[in-house]
Amino acid sequence: LGTPASLSIDERVIVAARGAQVWLALGDPGRAADVLATQPEPTAMSAQAAAELALAQCQVAISRGDSTAALTASQRAQQHSERANTFELRLRSALLSAQALDAQARSTEAASYLQVARRLLERAIEGLSPSERARLRHVPAYRPAFVTAPSAPGNADAQQDARWRKLARLSTSLLAEPTTSR
């Protein structure tokens, strides 16, 4: 995979990472690994490029059955994705981290990453129409996140829920029809 020298280091790394994903899709993890092996150290690039590289390395390790390398790469991807702070990278790293942990039979930890992915997706679909939501829920890559049970509400959500329950009780008692005793 040749990339023009006129591209910045970040652009070259992202092109290489996406190229490795193409090789994986074509069923050649060896070529994918070769493409990634020629890339510079993550310290020489932006957080986004480093996250893309780590995500591709994780995918290659998963395809080769190397769960230890996949977990290490997924942890790097998580760190870089948080620094890059983009929806796509955070979602992809959460889904791949769950997959890497699942490969090591660490289903409880994998479920926590799937819950992170679900929260990201739920926030993203808030403004969509019901038909668009349904289409998004049927995307095969997102299915593991949507199958996961929603996480328990946080403290702020619990307080808000308690206030609504109290309001509902008060309104019920205020609007209740008076009964006469016989």
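Residues numbered from 1 in each chain as written. Predicted model: local features only at pLDDT ≥ 70, side-chain atom pairs only at ≥ 80, totals over all residues. Heavy atoms only, no water.

Caption draft 1: Just the overall build of the protein chain, in detail. Across its full length, the protein chain holds nine helices and zero strands. The 182 residues of the protein chain split such that 30% are buried. Considering only intrachain contacts with a sequence separation of at least 6, the fraction spanning at least 24 residues in the protein chain is 57%. Summed over all atoms, the accessible surface of the protein chain reaches about 11,200 Å², with 54% contributed by carbon and sulfur. (Helix = DSSP H or I, 4+ residues; strand = E, 2+ residues; numbered from the N terminus. Buried < 20%, exposed > 50% of the residue type's maximum accessible area, 1.4 Å probe, protein only. Contact = heavy atoms within 4.5 Å. Areas by Shrake-Rupley, 256 points an atom, 1.4 Å probe, with all protein chains shown as cover.)

Caption draft 2: Representation of the nonpolar core within the structure. Residues Cys58, Leu91, Leu95 and Ala117 are the most contacted members of the largest nonpolar core, which totals 26 residues. At the level of elements, α3 (47-64), α4 (67-84), α5 (87-103), α6 (107-124) and α8 (143-147) are the ones that each hand at least two residues to this core. Among residues more than four places away in sequence, those in contact with Leu95 are Leu114, Ala117, Ala141, Tyr142 and Ala145. (Core = buried A, V, L, I, M, F, W, Y, C linked by side-chain atoms within 4.5 Å.)

Caption draft 3: Just the pattern of salt bridges, in detail. Using the criterion set out here, one finds seven salt bridges in the structure. Linking Arg92 and Glu52 is a salt bridge whose minimum nitrogen-to-oxygen distance equals 3.2 Å. With Arg92 in helix α5 and Glu52 in helix α3, this residue pair connects regions lying 40 residues apart in the sequence. In this pair, the class of Arg92 matches that of Glu52, namely buried. We note a salt bridge from Arg92 to Glu88, for which the minimum N-O separation is 3.1 Å. With Arg92 and Glu88 both in helix α5, this residue pair falls four residues apart, about one helical turn. (Salt bridge = Lys/Arg side-chain N within 4 Å of Asp/Glu carboxyl O.)

Caption draft 4: Spatial organisation of the side chain of Gln78. Mapping Gln78 onto the fold places it in helix α4. Within the structure, the side chain of Gln78 is placed 3.0 Å from the backbone oxygen of Ser93, a separation counted as a polar contact. Every residue in contact with Gln78, bar those within four places of it in the chain, is listed here: Ser93, Ala94, Ser97 and Tyr113. (Polar contact = N/O pair within 3.5 Å; in protein donor to acceptor, adjacent residues only side chain to side chain.)

Caption draft 5: Broad picture of unusual backbone geometry. Non-glycine residue Asn85 carries a positive phi angle of around 55°. One non-glycine residue with positive phi stands out, namely Ala105, at about 60°. Within the secondary structure, Ala105 is located in the loop between α5 and α6.

Caption draft 6: Focus on α6. Counted at 1.5 Å a residue, the expected span for α6 with its 18 residues is 26 Å, and the 25 Å between its end C-alpha atoms agrees. Within the sequence span of α6, burial applies to Ala110, Leu114, Ala117, Arg118, Leu120 and Leu121. Projection of α6 onto a plane perpendicular to its axis shows the buried side chains occupying an angular sector of 160°, all on one side. Close packing links the buried residues of α6 with α5 and α8. (Expected span 1.5 Å × (residues − 1). Arc of directions from axis to C-beta.)

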